[in-house]
Amino acid sequence: MKLFAGLVGALTLASTAQAATFDAFASFDGTQGAGHFSYLRMPAGPGDPAVLLTAPSGNCVVTSDYCLQDGGALPGVYKALTAHAEGTYFVPDDQLLVHPGASNPIGIFFTAPQDGVYDYTVVFNVLDSSPSGVALVGVTNAGGVVGATPLGGLNANLLTLTRTGSVSLTQGQFFGLIVNAAGSYSNDSTGVNFTLTTGGVPEPAAWALMVLGFGGAGAILRRMRPDQGRPSLAV
């Protein structure tokens, strides 16, 4: 029985090796690439390139502890460590505040650090008391082809939206979100929580534990008396 318990522990430890969670809010520190996330000013139309947002030389447009924005203007992404109200909008301390520009959407892109299936959860929230509405889009180049999927939108009648799913990415491929002004951009402050999890690939030590576990399981089966029958395996 003790041997069986030890083998279960070994297999469990191996199966969870290198499991990872990527959280845009938790990792955001005002720099590009933190937590494998990038923040961009998206094109307003043909000929307008996507541009990485930068830390401003002066103040953030939204009062916050960390920010990336388009020079001294929007679009921008903001993280506050203390929640507070400002003008017509609320600045949370548990989600990013993102705001598209007058013409340019804002994009949040996760780049896969390794091959794997990534389970994602995205929660969008209206943060303005007089929301003008935003359109939300998911985009990825999984499989080597860029594709976009409408995720819905937020407005005065729909104040929160959650999307979950899975995407298979090879190292270097991306999965991203785009927040676009659906008309006037003036009151488009939007809260975003964007997290992904993946089981990853076991480390060498974990592989050793897994081999030990499989070998030990075989030993248990060999030691079983014929009248004990076959073990019942729950999947």
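Residues numbered from 1 in each chain as written. Predicted model: local features only at pLDDT ≥ 70, side-chain atom pairs only at ≥ 80, totals over all residues. Heavy atoms only, no water.

### Some thoughts on the overall build of the protein
We count it as follows: A run of DSSP states H or I qualifies as a helix once it reaches four residues; a run of E qualifies as a strand once it reaches two. Both are numbered from the N-terminal end. Partly exposed residues are those whose accessible area sits between 20% and 50% of the maximum for their type, while under 20% is buried and over 50% is exposed, using a 1.4 Å probe and protein chains only. All accessibility values rest on the Shrake-Rupley procedure with a 1.4 Å probe; residue burial counts only the protein chains present in the view.
A count of helices and strands for the protein gives 3 helices and 15 strands. Taking all 235 residues of the protein together, 39% fall into the buried category. Working note: accessible area of the protein is about 12,100 Å², and carbon and sulfur atoms make up 59% of it.

### With respect to the packing of aromatic side chains
Filter applied, for reference: Side-chain rings of Phe, Tyr and Trp (the six-membered ring for Trp) are treated as a pair once their centres are within 6.5 Å; stacked means planes under 30 degrees apart, edge-to-face means over 60, and tilted covers the remaining angles.
On inspection of all chains with the given rule, the structure shows 9 aromatic pairs. Look at F109 and F174: their rings are 5.3 Å apart centre to centre, the planes differ by 80°, and that puts the pair in the edge-to-face class. Highlighted residues: F109 in strand 9 (residues 106-111) and F174 in strand 14 (residues 174-181), separated in sequence by 65 residues. Taken as a pair, F109 and F174 share a single burial class, namely buried. Cluster of aromatic residues (ring-pair linked, three or more members): F22, F37, F110, Y118, Y120, F175 and F194.

### Considerations on the nonpolar core
Nonpolar side chains in soluble globular proteins tend to be buried together. Inclusion rule: Residues belong to one nonpolar core when they are buried, are Ala, Val, Leu, Ile, Met, Phe, Trp, Tyr or Cys, and are joined through side-chain atoms within 4.5 Å. Every residue pair with non-hydrogen atoms within 4.5 Å of one another is taken to be in contact.
Residues F37, Y39, F110, F124 and F194 are the most contacted members of the largest nonpolar core, which totals 33 residues. When residues in this core are grouped by element, the largest group, 5 residues, is from strand 10 (residues 116-126). Look past the residues within four positions of Y39 in its chain and what remains in contact with it is A24, F28, Q32, V51, L52, L53, L68, V77, L96, G107 and I108. Listed in part, the 8 residues of the second largest apolar core include V62, C67, Y78 and Y89.

### Regarding unusual backbone geometry
A cis amide bond links L74 with the next residue in sequence, P75, at an omega value of 10°. One non-glycine residue, H36, adopts positive backbone phi at about 75°. The topology assignment puts H36 in the loop between helix 2 (24-27) and strand 2 (37-41).

### A short note on the side chain of H99
For clarity, the threshold we go by: Side-chain atoms alone can form a polar contact between residues adjacent in sequence; in general such a contact is a pair of N or O atoms within 3.5 Å, and within protein one must be able to donate a hydrogen while the other accepts it.
Relative to the helices and strands, H99 is located in strand 8 (residues 96-99). Only 3.4 Å separates the side chain of H99 from the backbone nitrogen of D188, close enough to count as a polar contact.

### So, the confidence of the model for the protein
Selection criterion: For every residue, the predictor states its confidence as a pLDDT score lying anywhere from 0 to 100.
In the predicted model, the protein carries a mean pLDDT of 84, and the fraction of residues at 70 or more is 77%. For residues 2-8, every residue scores under 50 in pLDDT, and the model assigns this stretch 8 contacts once sequence neighbours within four places are set aside. Every residue in residues 205-235 scores below 50 in pLDDT, and together they form 25 contacts with partners more than four places removed in sequence or on other chains.

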